[in-house]
Every structure is written in C-alpha cells, then in structure tokens.
Amino acid sequence: MADNLGLEGIVAGETAVCALEGGLHYRGYGIEDLALHASYDEVAYLLLYGDLPTRTELGEFQARLFAAAGDVHAEILAILKQLPRTVPMMDVMRTGCSLLAHWDSDVADNGREASLRKAERLLAQLPVVLAAAHRLRQDKEPVAPHQWGSLAANLLWLLERQEPNEEFVRAMDVSLILYAEHEFNASTFTARVVASTLSDLHSAVVAAISALKGPLHGGANERVLEVLQAAGGPEQAEAWIRDALARKVKIMGFGHRVYKAGDPRAVFLKPLCVKLAEQTGNQALEQTAAVMERVMSEAKKSVPPNADWPSARLYYYLGLPVELYTPLFVVSRVAGWSAHVIEQQANNRIIRPMAHYTGLPPRSWRPIAER
Ligand code: COA
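Residues numbered from 1 in each chain as written. Predicted model: local features only at pLDDT ≥ 70, side-chain atom pairs only at ≥ 80, totals over all residues. Heavy atoms only, no water.

Participant: Report on the overall build of the protein, specifying residues and quantitative values.
Facilitator: Along the backbone of the protein there are 16 helices and three strands. The globule rule puts the C-alpha radius of gyration for 371 residues at 21 Å, and the 22 Å found for the protein is close to it. Taken along the three principal axes of its C-alpha coordinates, the protein extends 70 × 55 × 45 Å. Residue burial in the protein is summarised as follows: out of 371 residues, 50% are buried. Restricting to contacts in the protein with at least 6 residues of sequence separation, those with at least 24 account for 75%. Approximately 17800 Å² of the protein is accessible, and the part contributed by carbon and sulfur atoms is 55%. Side-chain charges of the protein comprise 37 positive and 43 negative groups, with the mean position of each set lying 8 Å from the other. (Helix = DSSP H or I, 4+ residues; strand = E, 2+ residues; numbered from the N terminus. Rg over C-alpha atoms; globule rule 2.2 N^0.38 Å. Buried < 20%, exposed > 50% of the residue type's maximum accessible area, 1.4 Å probe, protein only. Contact = heavy atoms within 4.5 Å. Areas by Shrake-Rupley, 256 points an atom, 1.4 Å probe, with all protein chains shown as cover. Lys, Arg positive; Asp, Glu negative; His and termini not counted. Charge placed at Lys NZ, Arg CZ, Asp CG, Glu CD.)

Structure representation (structure tokens):
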C-alpha cells in the first residue's frame, strides 16, 4: 500500500487535453513549438476549443476577452479594497474567483457553451483582479484594461500602468504558455474532482487555486526566490546548498513526480533567463542559480529543476514582486483547468476512489461514563 502513497504511477482517468509521454504536448502540439511561435492567447484558445484558432477566430476570441476584462463589476473591486493588506495574494485570487462567480450570469449552467463563456471570462478577469488587488495594496488605483494587444501585454500594463517593452511581453507570453496546462497535476485533478460532482466551473477553479497555493505545487515558484536569495550569491551557493541537502531540506524548484530526467519547461526557459538576467543586470542571481543546478545534478541525479526554478527568475528579472509569482501561475493555468473541467463535464462519472483502511478492527460501543 505504501507504494501508492501520493497515487504515484496511478492512471486516474483519460484526457485529450495534454500528454506528457513522448514530450509535453497540448492537444497534440509540442510545447517547444508553442513557446517559440504561439501567443498565450492562441494557446488558451487551443486548450479550450481543441484546435489552434484561425486569424478570424483569434480576433473574435480576443474581442470577447477585452470586453470581459472591461466588465469586472465595481462591487468586486470595492470588496477587494476592503481586504486586509496582509492577506496572501493567493488567498485574494481564491476570493476573487469566488466573487467573479457571484456576478456571473452563467454561474450554475454546466452546459458546454456556458462553461466556455465562463472560462473566457475567467481568463480575462482573473488578471484584472490580480492587478487591481496588487495596486490597491500600494495605494494606487486599478488601471482600466486595454481593448487591444494580448493577454500578456495587458497583464503587464494592468500591473505597472506603463506600456511594457516587446521583449518583456514575449517573456511573459512564454511563461504563461508553459504554465498553461500539465495533465493530472494536483490542482487540475482537484478541479476535475469538483466538476465530477456536477458542481460548477467557478467552484472547480476556486478549489484548484487552493491546491495550487501549496509550496509542493505552484507555491514553489515564490519559495525559489527565497532559496536563491538565502544562498547568498555565486560564491556561497555551493556551501549553502550542500549544507541544506545534508540536512535533508527539499530545495524548492527541484524535483517532479513525473519528470525524473528533466522538465522540458525548465529546459526551454533557462536560456531565456540567461538572456534576461544579462539585459537587466541580474547576472549574480543567474550565476547563483547555475551553481545550485550543478550541485543538485551532482548530488541528486533524479531531481532536476522543474518549471518553477526558471519561472521565478524570469519574473524577478521582469521586476515583478515575489507575491505575484504564484498568482501569475493561476492566471495562466486557468486555461488548462477550464479545459479539463469541460472535458470532465462532457463524459462525467463522479470521481470516488477507495481507501485502504489502516485503523482499528471493529470495537464495542462504550457509554461515556465508562470511557
Ligand atoms: N530537493 C531535494 N531532494 C528532493 C527534492 C528537492 N526539491 N525533491 C525530491 N527530492 C528527493 C527526496 O528527498 C527523495 O529522496 P529519497 O528517495 O532519498 O528519500 C526523492 O527525491 C524522491 O522525492 P519525493 O518527495 O518522493 O518525490 P515526489 O514525487 O513525492 O514529490 C515534488 C515531487 C515535486 C513534490 C518534490 O520533488 C518536491 O517537494 N520538490 C520541491 C517543491 C517544488 O519545486 N514543487 C514544484 C513542483 S513542479
């Protein structure tokens, strides 16, 4: 039974959304091709609708997203304003998603068309919630979203209220593409379990956000920055990580349940990090990361860097505050979660596995006075 701890190696269902075997593919397209050539908008469309959009389909899709981004209710922003500033941003995202549900006219409709409409609205509106909450904490007013450009460009605009440069937009696009989907990971599986009870898309996404928050899953990208900074620079990094490993500390950003020989997303992102570090004067952090990677590959062969290892650096080089890193994962992964929820709804049976009982054998009832 201990072999099944964490359901390792268990095939828990079927999906046509994403494959890991033979390289990471979204709906049949290799992620390297998508990260090189596509925009996140095209990838989100691909995940939701099953195929890449034509130019017309993409234009219409983006027009719907722009309209939805501009349609976040004032009441939601007013509630976000009242949240304590100490609330972790992932909790704000969870609350924000719940709030969006309350003002969504399709909320209880689990039909395919309604779920697609809701998924599009979440794609467009979660970035608005994130950016608004971020700005309100700094005593800045939320910014109105542009009605043009891409989701990546709009996201950077909403956060910073200045037009981002092309290279930063492309880096954000690539990171959103690589975070968008990953088969039966913990948060996606959570979303599917919720959907399987015939609950609605927003509820499934709220649950998925809760699962993603944990440091063994999406929360790792924020911890990566803490690790890199704690390591104290390229000269100290080797001693720091060897000491941590000797104390059996798990190094955030390394290891993966499925990828034992390497995470293709991390491989793809590394050169982008090197380039951005150079452009933004962050070579010391990049060198620290390189030292830590070398030591990890010597000490732990089957614990390669995962996607969070370079993603955290990439966001840092883009000048984004650490508390936004896991929420940015949400903004991207909502495409994959929604695709899985819609797939689950199309061929549903409640997900209800069994447990191996390890408790006491049956016992006789003892009245309270005798205990
Ligand atoms: N640092 C150091 N050692 C690690 C490690 C890490 N990040 N991740 C795994 N290992 C080691 C374990 O200690 C274990 O060694 P042992 O067999 O000598 O006891 C072995 O590798 C297997 O690890 P295990 O925890 O059983 O793997 P898992 O499949 O249950 O967990 C993760 C996978 C991702 C949860 C795990 O690798 C981890 O905690 N990584 C850090 C958090 C992280 O980056 N999460 C993002 C994932 S995309």
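Structure's up, so let's keep going.
Participant: I'd like to hear about the site of the ligand, residue by residue, with values.
Facilitator: Residues in contact with the ligand amount to 20 residues; listed here are only the nearest, Lys250, Ile251, Gly253, Phe254 and Arg257. One nitrogen or oxygen atom from the main chain of Ile251 is found 2.7 Å from a nitrogen atom belonging to the ligand. One of the backbone nitrogen or oxygen atoms of Phe254 is found 2.8 Å away from a nitrogen atom of the ligand. Here the ligand, which alone exposes 850 Å², has 67% of that area covered by the protein. Its residues assigned to classes, the shell around the ligand shows 10 nonpolar, five polar and five charged. (Near = heavy atom within 4 Å. Polar contact = N/O pair within 3.5 Å; in protein donor to acceptor, adjacent residues only side chain to side chain. Nonpolar A, V, L, I, M, F, W, Y, C, P; charged D, E, K, R; others polar.)

Participant: Account for a positive patch on the surface, naming residues and giving values.
Facilitator: On the surface, Lys248, Lys250, Arg257, Lys260 and Lys300 cluster together into a positively charged patch. Note that Lys250 resides in the loop between helix 12 (234–246) and helix 13 (264–280). Using a relative accessible area of 65% as the deciding quantity, one classes Lys250 as exposed. (Patch = residues over 30% accessible without salt bridge, like charges linked within 9 Å, V, L, I, M, F, W, Y side chains within 5 Å. Salt bridge = Lys/Arg side-chain N within 4 Å of Asp/Glu carboxyl O.)

Participant: Could you give me a rundown of the sheet that holds strand 2 (residues 25–26), with the residues and numbers involved?
Facilitator: The strands making up a sheet associate through hydrogen bonds between their backbones, and the pairing can be parallel or antiparallel. Strand order in the open sheet formed by three strands is 1-2-3, and the pairing between neighbours is antiparallel. Single-partner strands in this sheet number two, and they are strand 1 (18–19) and strand 3 (29–30). Across two bridges, strand 1 lies against strand 2 in antiparallel orientation. Within strand 2, the position partnered with Cys18 by the bridge is Tyr26. (Pairing = 2+ DSSP bridges.)

Participant: Go over helix 13 with me, naming the residues and quoting the values.
Facilitator: Here helix 13 is 17 residues long and its end C-alpha atoms lie 25 Å apart, about the 24 Å a rise of 1.5 Å per residue gives. Taken as a whole, helix 13 carries its principal kink of about 30° at Lys270; the proline Pro271 stands between one and four residues after it. Among all positions of helix 13, only Pro264, Arg265, Ala266, Phe268, Leu269, Leu272, Cys273, Leu276 and Ala277 are buried. Here the buried face of helix 13 lies against helix 1 (31–37), helix 8 (166–179), helix 14 (283–299), helix 15 (308–317) and helix 16 (325–346). Positive phi appears at Gly281, one or two residues downstream of helix 13, with a value of about 70°. (Expected span 1.5 Å × (residues − 1). Bend = angle between axes of the 7 residues up to and from the residue.)

Participant: Break down the packing of helix 2 (residues 40–49) against helix 16 for me, citing the residues and quoting the values.
Facilitator: Direction vectors running N to C along helix 2 and helix 16 enclose 15°, while the axes themselves pass 8 Å from each other. Judged by the angle between their axes, helix 2 and helix 16 are roughly parallel. For the pair helix 2 and helix 16, the sense of crossing is right-handed. Touching Tyr40, Ala44, Leu47 and Leu48 of helix 2 are Val331, Ser332, Ala335, Gly336, Ser338, Ala339 and Ile342, all from helix 16. Residue composition of the contact of helix 2 with helix 16, grouped by class: eight nonpolar, three polar and no charged. (Axes fitted to C-alpha atoms, helices over the stretch in contact; angles between N-to-C directions. Parallel < 35°, antiparallel > 145°, perpendicular 65-115°, else oblique. Left-handed = near helix turned anticlockwise from the far one by under 90°.)

Participant: Describe the packing of helix 4 (residues 74–82) against helix 5 (residues 89–102), listing the residues and the values that go with them.
Facilitator: Running from N to C, helix 4 and helix 5 cross one another at 155°; their axes reach a closest spacing of 10 Å. Classed by the angle they form, the pair helix 4 and helix 5 counts as roughly antiparallel. Judged by the twist between their axes, the crossing of helix 4 over helix 5 is right-handed. Within the contact between the two elements, helix 4 uses Ile76, Ile79 and Leu80 and helix 5 uses Val92, Leu99 and Leu100. Residue composition of the contact of helix 4 with helix 5, grouped by class: six nonpolar, no polar and no charged.

Participant: So, the side chain of Asp308: which residues are in play, and what are the values?
Facilitator: Position of Asp308 relative to the elements: it lies in helix 15. For Asp308, the side chain forms a polar contact with the side chain of Tyr179, separated by 2.5 Å.

Participant: Could you give an account of the side chain of His202, naming the residues involved and the relevant values?
Facilitator: Within the secondary structure, His202 sits in helix 10 (residues 201–212). Beyond its immediate sequence surroundings of up to four residues, His202 is in contact with Cys97, Leu100, Ala101, Asp104, Val107, Lys118 and Leu122.

Participant: Tell me about the packing of aromatic side chains, residues and numbers included.
Facilitator: For any pair of aromatic rings, geometry is given as the distance between the ring centres together with the angle between the planes. What the rule picks out here adds up to eight aromatic pairs. On the numbers, 5.3 Å between centres and 85° between planes, the contact of Tyr45 with Phe61 is edge-to-face. Within this pair, whereas Tyr45 is found in helix 2, its partner Phe61 is found in helix 3 (residues 55–69), the two being separated by 16 residues in sequence. Comparing Tyr45 with Phe61, the two get one shared label, buried. A centroid spacing of 5.8 Å and a plane angle of 40° characterise the contact between Phe184 and Phe189, whose relative ring orientation is tilted. (Phe/Tyr/Trp six-rings, centres within 6.5 Å; stacked < 30°, edge-to-face > 60°.)

Participant: Requested: an account of the environment of Ala220, with residues and values cited.
Facilitator: Residue position: Ala220 is located in helix 11 (residues 220–230). Residue Ala220 is classed as buried on the basis of its relative accessible area of 4%. A sequence separation of 110 residues divides Ala220 from Asn110, and the C-alpha atoms of the two residues are 32 Å apart. Apart from the residues within four sequence positions on either side, Ala220 is in contact with Gly214, Pro215, Met252 and Asp308.

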